[in-house]
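Structural description and commentary
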Amino acid sequence: MPEGPEIKRSADELSAAILGKRAWLVEFAFPHLAAHAPAMREQIITRVEPRGKAMLTHFGHGQTIYSHNQLYGQWRILARGQAPQSGLQVRLAIHTDDSVAVLYSASDISVWPADRVAQHPYITKLGVELLAESTRVADVLAQVNDPRFARKSLAALLLDQGFLAGIGNYLRSDILFVARIHPHARLIDLNAAQRRSLASAAFELTHQSYQTHGITNDLAIVSKLKKQGLSFGRYRHWVFDRDHENCHVCSGAIERIDVSGRGLYWCAHCQRN
Ligand SMILES: [Zn+2]
């Protein structure tokens, strides 16, 4: 499942292709949305906005398409006249003069007046959005210090988009590793220094992953591993997807446990507290 950094990069690609352009045709695969299409014709796409793992595409006449990719949805930009990829279902297509933005496979799509889309049930529940331009480490720390979240294990809490929006499975493991925090610890168990480490690791790793197309590992270590011939999948993370491999810090073995139904990777030596 894409995480915040992948959604934001997808929004960047969408923006580059359709922002400020006129949609001469908008097609919805779902019949209950088709009635919105005629009014979108000839409208300018005024903003493409990632919110958590959802995307908002705003049109000049004040209507907004909400879409959430869930597990299988993906945006692709096609040249005008290029056929969609076979085997994938086109759920939404926004045609401009030179390109077509296609959303494949997603089923969670709806149309909202722009001034009401913040009331979408998914968006109202979002916590601090790590990749929003206005978000600072201090905002993340304030959330970490909010007593509402104090008693849930961090392994579960970090996947809760109502806490910090944008974190998914690979970020969860690597944030806990960088902050040197045991996956079963709760916020109430952490001292002030650990809370600051957690807030800063969540902020920094999410931004680094956005800027580097998915690398959460230390960039000096990455450059060393690349010289040794390791592939992207093997050098990109501190601990995620590295069970039985050696920790980059202590050389101990990385372990995998299942938390909230998904694999969490950690170093028992480095994450003792
Ligand atoms: Zn270690």
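How each quantity is defined
- Residues numbered from 1 in each chain as written.
- Predicted model: local features only at pLDDT ≥ 70, side-chain atom pairs only at ≥ 80, totals over all residues.
- Axes fitted to C-alpha atoms, helices over the stretch in contact; angles between N-to-C directions.
- Helix = DSSP H or I, 4+ residues; strand = E, 2+ residues; numbered from the N terminus.
- Parallel < 35°, antiparallel > 145°, perpendicular 65-115°, else oblique.
- Left-handed = near helix turned anticlockwise from the far one by under 90°.
- Contact = placed C-beta atoms within 7 Å.
- Nonpolar A, V, L, I, M, F, W, Y, C, P; charged D, E, K, R; others polar.
- Domains from an automatic or database assignment.
- Buried ≥ 20, exposed ≤ 12 C-beta atoms within 10 Å, placed from the backbone.
- Expected span 1.5 Å × (residues − 1).
- Pairing = 2+ DSSP bridges.
- Core = buried A, V, L, I, M, F, W, Y, C linked by C-beta atoms within 7 Å.

1. Some points on the packing of helix 6 (residues 169-178) against helix 7 (residues 192-211)
Axes are the key here: two packed helices are described by the angle between their axes and the distance separating the axes. In contact at an axis separation of 9 Å, helix 6 and helix 7 are set at 130° when each is read in the N-to-C sense. By the angle between their axes, helix 6 is oblique relative to helix 7. The element helix 6 and its partner helix 7 pack so that their crossing is right-handed. Listed contacts from helix 7 to L171, D174, I175 and V178 of helix 6 are A201, A202, L205, T206 and S209. A per-class count over the contact of helix 6 with helix 7 returns six nonpolar, two polar and one charged.

2. Points about the packing of helix 1 (residues 4-18) against helix 7
Packing of helix 1 against helix 7 brings their axes to within 8 Å, and their N-to-C directions diverge by 40°. Taken together, helix 1 and helix 7 sit at an angle that is classed as oblique. The two elements helix 1 and helix 7 cross, and the hand of that crossing is right-handed. On helix 7, the residues touching G4, P5, K8 and R9 of helix 1 are T206, S209 and Y210. Of the residues belonging to the contact of helix 1 with helix 7, the class tally is two nonpolar, three polar and two charged.

3. Description of the domain arrangement of the protein chain
By domain assignment, the protein chain separates into domain 1 (4-124) and domain 2 (128-266). Distance between the C-alpha centres of domain 1 and domain 2: 30 Å. Every contact between the two is made by six residues of domain 1 and, on the other side, 11 residues of domain 2. Ranked by the residues each element gives to the side of domain 1 that touches domain 2, the list is headed by helix 1, at four residues. Partitioned by chemical class, the residues of the side of domain 1 that touches domain 2 number one nonpolar, two polar and three charged.

4. Examining unusual backbone geometry
Phi is positive for E42, which is not a glycine, with a value near 70°. Of note, E42 is situated in the loop between helix 2 (37-40) and strand 3 (43-51). By the C-beta count within 10 Å, which is 13 here, E42 ends up partly exposed. Not every positive phi belongs to a glycine, and R180 is a case in point at roughly 60°. Relative to the helices and strands, R180 is located in the loop between helix 6 and helix 7.

5. Description of helix 1
For helix 1, spanning 15 residues, the distance from its first C-alpha to its last is 21 Å, which sits close to the expected 21 Å at 1.5 Å a residue. Residues G4, P5, E6, I7, K8, S10, A11, L14, A17 and I18 constitute the buried set of helix 1. Looking one or two places after helix 1, you find G20, whose phi comes out positive at around 80°.

6. Points about the sheet that holds strand 5 (residues 63-68)
Strand order in the open sheet formed by five strands is 1-3-4-5-9, and the pairing between neighbours is antiparallel. Only two strands of the sheet have a single neighbouring strand rather than two, namely strand 1 (22-23) and strand 9 (108-113). Each of strand 3 and strand 4 (54-59) is contacted by helix 1, which is oriented at about 170° to strand 3, the strand it contacts most.

7. Regarding the nonpolar core
Of all hydrophobic cores here, the largest spans 41 residues; its most connected members are L130, L164, I175 and A202. Every element with two or more residues in this core is listed here: helix 4 (137-144), helix 5 (154-157), strand 11 (164-165), helix 6, helix 7 and strand 13 (262-266). In this view, A202 contacts L130, V140, L164, I167 and I175; residues no more than four positions away in its chain are not counted. Grouped together as the second largest cluster of nonpolar side chains are 26 residues, L14, A54, W75 and V100 included.

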